[in-house]
Structure formats: structure tokens, C-alpha cells
2 protein chains.
Amino acid sequence: MSQKKRMVVIGGVAAGMSAASRAKRRNPDLEVIVLEKTEFISYGSCGLPYYISGLIDDHNKLVIIPPKVAREKRGIDVRLQHEAVEINTTEKTVRAVNRHNGQEVFFPYDKLVVATGAGASRPPIEGMGLKHVFVLRTLNDGVALKSYLKSGKPKRAVIVGGGYIGLEMAEAFSAQGLQVTILEKLPSILGTTDEEITTIVEAELERNQVALYKNANIVAFEGNASGEVTSVLMEDGHRFETDLILVATGIKPHVQFAEAAGIQLGPTGAIAVNEKQETNVPDVYAAGDCAEALHLVTGKPAYIPLGPTANKQGRVAGENAAGGFGIFKGIVGTSVFKTFDLEVARTGLTATEAEREGFSFVTSTITDKCCAGYYPGASPITIKLVMNQENGRLLGAQMVGNHGVSKRIDVFATALFKKMTVEEISQLDLSYAPPFAPVWDPILIAANIGLKALKK
Amino acid sequence: MSQKKRMVVIGGVAAGMSAASRAKRRNPDLEVIVLEKTEFISYGSCGLPYYISGLIDDHNKLVIIPPKVAREKRGIDVRLQHEAVEINTTEKTVRAVNRHNGQEVFFPYDKLVVATGAGASRPPIEGMGLKHVFVLRTLNDGVALKSYLKSGKPKRAVIVGGGYIGLEMAEAFSAQGLQVTILEKLPSILGTTDEEITTIVEAELERNQVALYKNANIVAFEGNASGEVTSVLMEDGHRFETDLILVATGIKPHVQFAEAAGIQLGPTGAIAVNEKQETNVPDVYAAGDCAEALHLVTGKPAYIPLGPTANKQGRVAGENAAGGFGIFKGIVGTSVFKTFDLEVARTGLTATEAEREGFSFVTSTITDKCCAGYYPGASPITIKLVMNQENGRLLGAQMVGNHGVSKRIDVFATALFKKMTVEEISQLDLSYAPPFAPVWDPILIAANIGLKALKK
């Protein structure tokens, strides 16, 4: 009999645990070791804003598979507080540091899955190291921030960055009674949507007493003698007094030691993978927020790190590493978030992105109702379409409204996956009942108006 | 200059007014006459249950385009209380009766759109003519029923028929404080969903104190000396005492005088049309609840009369009648309704229907959550898939849950329109955020489990 094969997974959150679970299901004889540098695995980091807001009372509720369950029910050898620091792809070993005792441990592997994820970007602002300057990426980040909210009773929060985490957290801080200021470096918040959608989101922030400053150039975070942050100094000399700062300026893939080991990065700076989640190095797979994904609209690799992609990629990596056959076809750039009473969603390309990609395109924007106009609570929904002028295909859709946005965007996501024309979308047989949609669903209205724009 | 052309439309609700409006937009020189036998046009009959329940306080709110607006803003010559009674396709005239004065009027046409809709089916039960026995189809039906609820203060209602109208009305009557009994002739309510879904709906009725009797054979409706209904006599001798009866046993297309004029009916008994909404008679179009539609899953004509189809078909009929070019590709059998706290949706074929159509198929059913499990209010959602065993394509999907059903079904509707395989569906890049979906959307879970069933 052959010796038992071993798969090592670096990283125990979404992609890593998906890979480990799938591999064990595919091949129960495979030894599966997961190296996780923190003390938590498999948690829903997307739930952190709702833990901060108080909607979820215990951070442990965000843990999907506790280590005990992973070990006992799934047979996965989870090593917490084990930080991988080096991969030797010739000898096929991973060097890790046990953070409990500082010891080095070597893990030989037959198959390796790199699921190192991404880290919060930390811009080189003076004062980043002051107390009460937070990022929000890991469960530990969330616990630290929540702990300060409870103990420090802050009254004011400054959020640096007007992306979706910034806006989810604006709601969360407001729910906790804080006065919120968002500082956005660019002329517009939400790099992920075009102006027609963004302005509606900005109005929602204003309606909820969130102060928003765009083109905001920060010089430094300033602190007191105890090293606690007290204000943000701007380039124009203005100071924002604050009791805490959340830096939410995006994330960067953890690729340092993968790159050092000769694992190739793609044009986005994340790890390049094929549709089997294989890297350029034999027996080494990558998945999740450290990896790229094929964008099915542009046909190019993209870096859009989100939970569903991480889970799907991890599953495929685990399937293949365990000797099965799995394919991850790619993404179309779908996402949604909630801020206050708004749902904001997008899929495919914005006009800005279509421009950058060199498409010849037209756009159209409509506002209609989420449900029958006579139904109580019918609220507006705005849809912007970006369409390929040459072949009439949808390139992207953006949507904002109080209700009925998040799953409606998925119709456009499905259309993008199948490269549908706007004419085809206008023919869709969509569900209708007064509480859920007008008889002409906003999707169909958007497609009909889009068709007119295409014919001009 | 040539004489002004005239289009006559029979029926002024969804399909008829869509046809008229579209034709006028396409060709403002066209004379467009709409013959409507009641005093209302263009109303949302699907909103009637919400008018009865009290959610909508005034039946006039259900009117989408008042006659004055149709005439003055859209240039449509609306003739209320004009009941068309005969079409002469040789002389190209419609004979109508003016119900105000009983006079006959003849309307010559160049183009004719038959949009006569459908009527509530009235089963031949003894006592159908008693007072307080209602059907609910037209705005007048709704006004009559609401009026009795206000004046008669009924305490008990019997609903005959457990279809979606029956279930919407069970909620509406309950909201008005009535004790509700549903009598269903068949062994199961909801002919439109399979048992896995139907049983969940039945539990919701029970939870809301609605009494449901299946295999219920009615002998007669019985009345008092004033001719008011008082009870329902069953075959087994049981009597249900009641203050009102709603007969909701389906609808039948109004095709009598169209058929008499030589307009061909299809296999379903509704008017046969091609994708331009043309009938077999030159210059005569049909659209809406009186017409068939091509079912894109079976490839055969179907009779599934619903508002969105009526509006789309009407638009295409009007476009073509006015000299433009429009195509209605067909339907996939999508529908949704709400009863109490449940959303119930379907698209494509149920297992029963797939069986009847002779498909070789497998099914799978899953229950998951509508949103992230840790998010407050996360509620179960059940999805049944029906899949073609030969090619792995989706044949149909059914879904039930408290939230997030209605637009989620549209992803499957889009998949059916594009003849997607279940494997393709499992790859979709769907929107995710904790308030709106789990990281593995129930759609993806359903597809993954479906794939396993297909591989067995």
C-alpha cells in the first residue's frame, strides 16, 4: 500500500476551509492539514459590520465551522496560530511558525493550497500606529473595535475611505450612536459604481447625518500624550476631531511568500491561476482573496476578492488537489452591499470600466418602482445599464433602491454569464405579483429603454 | 394622401391598452379605438386581493391609465361600456353593443387586436346565483365583494379553490377578520407546485387558522329565504356554514366570438398566435389572457394567462399592427404569489408537468437560508429543481420562503430562457452580502445538490 498522501492548506478562512472540506469529502484517505495564523477559522468576515452595529451580539456567531467540528466531524487537521512563512516548492515543504511557542515547524506536502487571503491596506499616513486607529478585516480586528466601542464610549468616528466597507461601517457606527465623518480621497465615493448610482448613495448618507468629504487629502492622524488618536489633519489645514478612526481603503492580496517561492503573480498582483485553480508550480493551487479570477466579460484576469468567489475557488482547488475534477469558470463582477436603507448592487462593468477596457458602449438609466405602484411601500429603484454598441450585449448593470435590489441584480449577472443581448433581456419571463414587482419589472423597463439607446 | 388607417382593439385592460398605447407611439397618425365592455380600463386586477384586505384603500388606485389620460395624453379613442359581440373578418368590422343605451355600433377596422381577456370560471354548482357568492376577476367583482364586506359585516368566508387567487384571498379575508375555509376539489392545493413546496404552503395556512379541506366535493351552495348564501353542502353530507363564498376555480379565455369569426384556437383552447401575435386571419392580432403563448421549455403553445405576458404580447401586437416589427419570444411559466408570510414561486415545469410532457428527468430539493445564517431574521428557503436527465438542463424550479423568493426565481427563469444546464447555474456569480444571501446562495446550493442527483 502506498503511503498516505498529504494536502497542506495555508489559510483557514473561506477558500482554505472550502478546499480542505471538499478534499476530505472527495478523498477521505487524504491527510489534510490547515495552517491558520490566527485562532479563528472559517468565519464570515462580511458579518463584522453587523457585529459592530450590535445586530449580532456575539462574534462567535460569525464562526461557521468551529475548529472542533472541522477536526472531529470533517477530519481536518487544523493548526491554529500556525503562520506559514516559506514555501519550498522543490522539497515540497511549508515552513511555519507556531505562534504559541515561537517554534518553527516544517510541513511536507504532496498537494498545497495557498489560501492566504488578503490584508487591509494600510496607507502610509503619519499616526497610523496611534491607539484607536482601526482596520476591519479579520475577526480579531472586529473584536478589537467592538471592545473599544464598549469600553471607550467614543462619540465620533472618522472613516477613511468611501468604499463599501466604509459605507457599511457608517451605518454600523451610526447605529451605535456615533457621529460619523467619511473622508474620501477621490472626487467620488464608491469606485465600483457610476455617478448616477453614487449620487443616490451620497444622498442616503446625508439623510442619515453622515458627513462626507470628497477630494479629502489627509496629512496625518494626530494623537494626545497617551498615544490616543484625537484628530485628522487635512492638507488644507482643517482638523476633524475624533475618538476613533477606521481605515477602510481596500485590501491587498497576501502573496509575499508565495511570490518568493516562485509562484507566479498575474497582472493584477494576485496569484495567477487557471480554471482548475492550479498555479504555475506543479501541485500548488491557489484560491480566494490571494488569487485572481477570470472575468467573463473582459476575458481577462481580475482581482475582485469576495466571499462567494473564495468559496467556489476553494472548493475547486480542494476537488482537484484530492484527485477529482473541478472547474471554476470565472466571475462577472457581481456585488451588493447595504448602507442604511439602501441596497446597492452591481455586476459586469461600469461605464468607467468599459471605457478603460476599450469597449464601444452606450448607457441608459431608468428609475421605476420595486413593486406595483399602488402597493404600500413601493419605493424607487434605479438601474443603469452599460451595453456593447457593436453587438447589443449587456456589459454591466448597476442598481440602487430600498428593496428588491440584491437578487434582481442576479438576473443581470446570469445574463452576463450567458453573454445575453439587451434584446434578449427585454424578453425575459420574470416573476410578477404586486408585493414584489410591477407588471413591467424594472429589469424589463431598463432593457426596453436600453434598446432605444442602442438604436440611436 | 391616403385615408387615415384605423386599428380597433377589443378589450381595454392589460393587453388591449398596451397594444393601443404602443400602436399610437409607433404611428401617431393611426386612429386607435378601444372597445371596453366595463367602465374601467387599464387596471391592475392582481391588486384586487390587497384592495379587499384593506392594504389599498381605494379601488381607483388600481387604475393605471384613467380613460381621460388615455384619450387626452395618448390619443386613444376609448369607448367604455362598449361590448364587442361579433367580428366580421371579411368586411373587417366589429359589431358592438353600447351598454348605456343598448344600441348596436359597427366599427370598421384596418387592423384588429383581440384582447378580450379571460373570465372567472363558474362551475355548474347549484346555488352559484345566490347572493354573496362572488368571483374575483374584474374591478367590478372587487368593488362588489368589498362593498359586501363593509355593509354585510360577514364573519365567515368559504373559498372554493386552492389556487393562488384562493390563497391570496385567504390572507385578505383573514386580514379583514374573517374565519376562512378553503375547499379544494383535488387531493392537493396549488396545481402549480409539487408536493415538497405545497406542504410548506399548507402549513402556513394552518399556522394562520385557515381551515383547509382537500378532496372536497361540493354538492350545492344553500341559501335562506332572502336568497343569501348560508352554507355549502358537501357530498359526505357535511355542511360548512358561511356568510360568503368566493369561487376561485380558475379562468377561461374569452374566445367565443373570435372563434365564431373563424379565428383559430390552439390546443389549449385559447387563440393561436405566432411570435408576431398574428392570428390565422389577416390583419387580426390577439394578445393577453385570450391568447396562447409559446412555452420555451416544452416548445409548445401554453395557456398561462398572467399580467406580464399580457403586457408584452399587447405591446408586440400594437407594434406590428401599427406597421412596426415586434417579436414575443415566449414564456417559461414564471409566477409568484404571496400568502400570509410566504412567498411562493415557480418557473418552467414542475415534476408533474415534466412527467406529462414525457421528459426523462430527476429532481432535487434543498432547504437553506435566505441570508447569512448569523444575520437576524434569516429564514428558510426551499428550492426544488426539475432537471433533464439526458442533457443536464434545468427544466423547472419551485421556491418557497418568507423572504427573497420572488426575484431569486428570476435567476432560474433567465436560466430557462437561455436553456442553461444545472452545471452552468452552479457557476453563477451571484450577489452576496449578509443581509441578502448566504455566501453560497440557495440557488447555488440547489444547483450543486441537483448536480449530484443528475450524476446518480
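Below or above, wherever it landed, is the structure these notes cover. What you see is a predicted model, and the numbers here were worked out from it, not measured in a lab. (Residues numbered from 1 in each chain as written. Chains lettered and ligands numbered in written order. Predicted model: local features only at pLDDT ≥ 70, side-chain atom pairs only at ≥ 80, totals over all residues. Heavy atoms only, no water.)

### Here's the deal with the sheet that holds strand E3 (residues 77-79) of chain A
All names here are of chain A. If you walk across this open sheet you meet the five strands as E3-E2-E1-E7-E18, and the pairing is parallel. Lying at the two open borders of the sheet, with one neighbouring strand each, are E3 and strand E18 (284-286). Here the average twist between neighbouring strands, direction ignored, is 20°. Taken together, the five bridges between strand E1 (residues 6-10) and strand E2 (residues 31-35) define a ladder with parallel strand orientation. Residue Ile-10 lies in a different strand from E2, and its bridge partner there is Leu-35. (Pairing = 2+ DSSP bridges. Helix = DSSP H or I, 4+ residues; strand = E, 2+ residues; numbered from the N terminus. Axes fitted to C-alpha atoms, helices over the stretch in contact; angles between N-to-C directions.)

### Focus: the pattern of salt bridges
Residues and elements named next belong to chain B. As enumerated under the stated definition, the model contains 54 salt bridges over all chains in all. Here Lys-407 and Asp-410 are joined by a salt bridge, their closest N and O atoms 2.8 Å apart. The same class applies to Lys-407 as to Asp-410, namely buried. (Salt bridge = Lys/Arg side-chain N within 4 Å of Asp/Glu carboxyl O. Buried < 20%, exposed > 50% of the residue type's maximum accessible area, 1.4 Å probe, protein only.)

### A short note on the relation of the copies chain B and chain A
Mapping chain B onto chain A is achieved by rotating through 180° and translating by 0.0 Å along the same axis, at an RMSD of 0.0 Å. On this basis, the relationship between the two copies can be described by a two-fold rotation axis. Take the interface residues of chain B: 100% of them recur as interface residues in chain A, which is what a same-surface contact looks like. (Least-squares fit on C-alpha atoms with pLDDT ≥ 70 in both. Contact = heavy atoms within 4.5 Å.)

### Section: the pairing of strand E10 (residues 156-160) of chain A
Residues and elements named next belong to chain A. Counting buried positions along E10 yields four of five residues, so the element is predominantly enclosed. Here five bridges tie E10 to strand E11 (residues 179-183), and the two strands are oriented parallel to one another. Of the residues in E11, the one forming a bridge with Val-160 is Leu-183. The β-α-β motif built from E10, the intervening helix H5 (residues 164-175) and the parallel element E11 has right-handed crossover chirality. (Right-handed = clockwise from strand over helix to strand, strands pointing away.)

### Section: the packing of helix H1 (residues 14-26) of chain B against helix H8 (residues 307-321) of chain B
A pair of packed helices is captured by two measures, namely the crossing angle of their axes and the spacing between those axes. All names here are of chain B. Close contact between H1 and H8 brings their axes to 7 Å; oriented N to C, the two are set at 35°. For the element pair H1 and H8, the recorded crossing hand is right-handed. In this structure, H1 uses Ala-14, Ala-15, Ser-18, Ala-19, Arg-22, Ala-23 and Arg-26 to contact H8, whose residues at the interface are Ala-310, Asn-311, Gly-314, Arg-315, Gly-318 and Glu-319. Of the residues in the contact of H1 with H8, the class split is five nonpolar, four polar and four charged. (Left-handed = near helix turned anticlockwise from the far one by under 90°. Nonpolar A, V, L, I, M, F, W, Y, C, P; charged D, E, K, R; others polar.)

### Considering the interface of chain B and chain A
Contact with chain B, which involves 58 residues of that partner, is made by 58 residues of chain A. Summed over both sides, the interface of chain B with chain A buries roughly 5500 Å², with 65% coming from carbon and sulfur. It is Tyr-374, Lys-407 and Asp-429 of chain B that lose the most area in chain B upon contact with chain A, and together they represent 15% of the buried surface on that side. Where chain B packs against chain A, one counts four salt bridges. Counting every contact that joins chain B to chain A gives 24 residue pairs in polar contact (both at pLDDT 80 or more). Elements supplying a minimum of two residues to the side of chain B that touches chain A: H8, strand E21 (335-339), helix H10 (408-417), helix H11 (422-426) and helix H12 (442-455) of chain B. Top contributing element to the side of chain B that touches chain A by residue count: H10 of chain B, with eight residues. Considered class by class, the residues forming the side of chain B that touches chain A number 32 nonpolar, 13 polar and 13 charged. (Buried area = accessible area lost by both parts, 1.4 Å probe. Polar contact = N/O pair within 3.5 Å; in protein donor to acceptor, adjacent residues only side chain to side chain.)

### Structural notes on the side chain of Asn-98 of chain B
Residues and elements named next belong to chain B. Relative to the helices and strands, Asn-98 resides in strand E5 (residues 93-98). Classification of Asn-98 as buried rests on a relative accessible area of 11%. Polar contacts involving the side chain of Asn-98 include one to the main-chain amide nitrogen of His-100, which spans 2.8 Å. Ignoring sequence-local partners within four residues, the contact set of Asn-98 consists of Gln-81, His-82, Gln-103 and Val-105.

### A word on the sheet that holds strand E22 (residues 342-348) of chain A
All names here are of chain A. Reading across the sheet, the five strands line up as E21-E22-E25-E24-E23 and stay open at both edges, with antiparallel pairing between neighbours. With partners counted over all chains shown, the strands left at the sheet margins are strand E21 (335-339) and strand E23 (361-369), one partner each. Within this sheet the neighbouring strands show an average axis-to-axis angle of 10°, counted without direction. Both E21 and E22 contribute to a ladder of five bridges, which runs antiparallel. By the bridge assignment, Ser-335 is partnered in E22 with Arg-346. Together, E22, strand E24 (380-388) and strand E25 (394-401) form the strand contacts of helix H10 (residues 408-417), whose direction differs from that of E25 by roughly 175°.

### Some details on a positive patch on the surface
Side chains of Arg-25 and Arg-74 of chain A together with Lys-452 and Lys-456 of chain B sit close together on the surface and give a patch of like positive charge. Here Arg-25 of chain A is to be found in helix H1 (residues 14-26). (Patch = residues over 30% accessible without salt bridge, like charges linked within 9 Å, V, L, I, M, F, W, Y side chains within 5 Å. Areas by Shrake-Rupley, 256 points an atom, 1.4 Å probe, with all protein chains shown as cover. Lys, Arg positive; Asp, Glu negative; His and termini not counted. Charge placed at Lys NZ, Arg CZ, Asp CG, Glu CD.)

### Here we look at unusual backbone geometry
Within the chain, Lys-153 of chain A stands out as a residue other than glycine whose phi angle is a positive 45°. Secondary-structure assignment places Lys-153 of chain A in the loop between helix H4 (139-152) and E10. On the basis of relative accessible area, Lys-153 of chain A is assigned to the exposed category, the value being 57%. The residue Phe-340 of chain B is not glycine, and still its phi comes out positive at about 55°. In this fold, Phe-340 of chain B is placed in the loop between E21 and strand E22 (342-348).

### Examining the packing of aromatic side chains
All names here are of chain A. Going through the model one piece at a time under the given rule, you end up with ten aromatic pairs over all chains. Where Phe-40 meets Tyr-43, the ring centres are 6.4 Å apart and the plane angle is 80°; that geometry is what we call edge-to-face. Here Phe-40 and Tyr-43 have matching classes, each one buried. It is Lys-146 that lies over the ring of Tyr-51; its NZ or CZ is 5.6 Å from the centre. (Phe/Tyr/Trp six-rings, centres within 6.5 Å; stacked < 30°, edge-to-face > 60°. Lys NZ or Arg CZ within 6 Å of the ring centre and 35° of its normal.)

### Observations regarding H12 of chain B
In an α-helix, one turn spans 3.6 residues, which is why side chains three or four residues apart end up on the same side. In this model, H12 of chain B (14 residues) spans 20 Å end to end at C-alpha, consistent with the 20 Å of a helix rising 1.5 Å per residue. With respect to burial, H12 of chain B is a largely interior element, ten of its 14 residues being buried. If you check which residues of H12 of chain B are buried, you get Pro-442, Ile-443, Leu-444, Ala-446, Ala-447, Asn-448, Gly-450, Leu-451, Ala-453 and Leu-454 of chain B. Summarising the contacts, the buried residues of H12 of chain B are in contact with helix H8 (307-321) of chain A together with strand E23 (361-369), strand E24 (380-388), H10 and H11 of chain B. Where H12 of chain B starts, the residue carrying a side-chain oxygen 2.9 Å from the main-chain nitrogen of Ile-443 of chain B turns out to be Asp-441 of chain B. (Expected span 1.5 Å × (residues − 1).)

### Overview of H1 of chain B
Residue and element names in this part refer to chain B. Here H1 is 13 residues long and its end C-alpha atoms lie 18 Å apart, about the 18 Å a rise of 1.5 Å per residue gives. By the criterion of burial, H1 is predominantly enclosed, with ten of the 13 residues buried. Every buried residue of H1 is listed here: Ala-15, Gly-16, Met-17, Ser-18, Ala-19, Ala-20, Ser-21, Arg-22, Ala-23 and Lys-24. Buried-residue contacts for H1 involve strand E1 (6-10), strand E2 (31-35), helix H3 (67-72), strand E7 (111-114) and H8.

### Details of the side chain of Arg-22 of chain A
All names here are of chain A. Within the element layout of this structure, Arg-22 appears in helix H1. Separated by 2.8 Å, the side chains of Arg-22 and Glu-319 make a polar contact. Those residues in contact with Arg-22 that sit more than four places away from it in its chain are Arg-315, Gly-318 and Glu-319.

### Thoughts on the environment of Ile-159 of chain B
With respect to the secondary-structure elements, Ile-159 of chain B resides in strand E10 (residues 156-160). For Ile-159 of chain B and Gly-323 of chain B, which are 164 residues apart along the polypeptide, the C-alpha to C-alpha distance reads 46 Å.

### Some words on the state of the cysteines
Applying the stated criterion across every chain yields a total of zero disulfides over all chains. Unpaired in terms of disulfides, Cys-370 of chain A finds its nearest cysteine sulfur in Cys-371 of chain A, a separation of 3.2 Å. (Disulfide = S-S within 2.5 Å.)

### What about the packing of H10 of chain A against H10 of chain B?
The contact between H10 of chain A and H10 of chain B brings their axes to 8 Å, and the two run at 25°. By the angle class used here, H10 of chain A and H10 of chain B are roughly parallel. Note that H10 of chain A runs across H10 of chain B; the crossing there is right-handed. Here H10 of chain A contributes Asp-410, Val-411, Thr-414 and Ala-415 of chain A to the contact with H10 of chain B, which in turn contributes Asp-410, Val-411, Thr-414 and Ala-415 of chain B. Among the residues forming the contact of H10 of chain A with H10 of chain B, the class breakdown is four nonpolar, two polar and two charged. (Parallel < 35°, antiparallel > 145°, perpendicular 65-115°, else oblique.)

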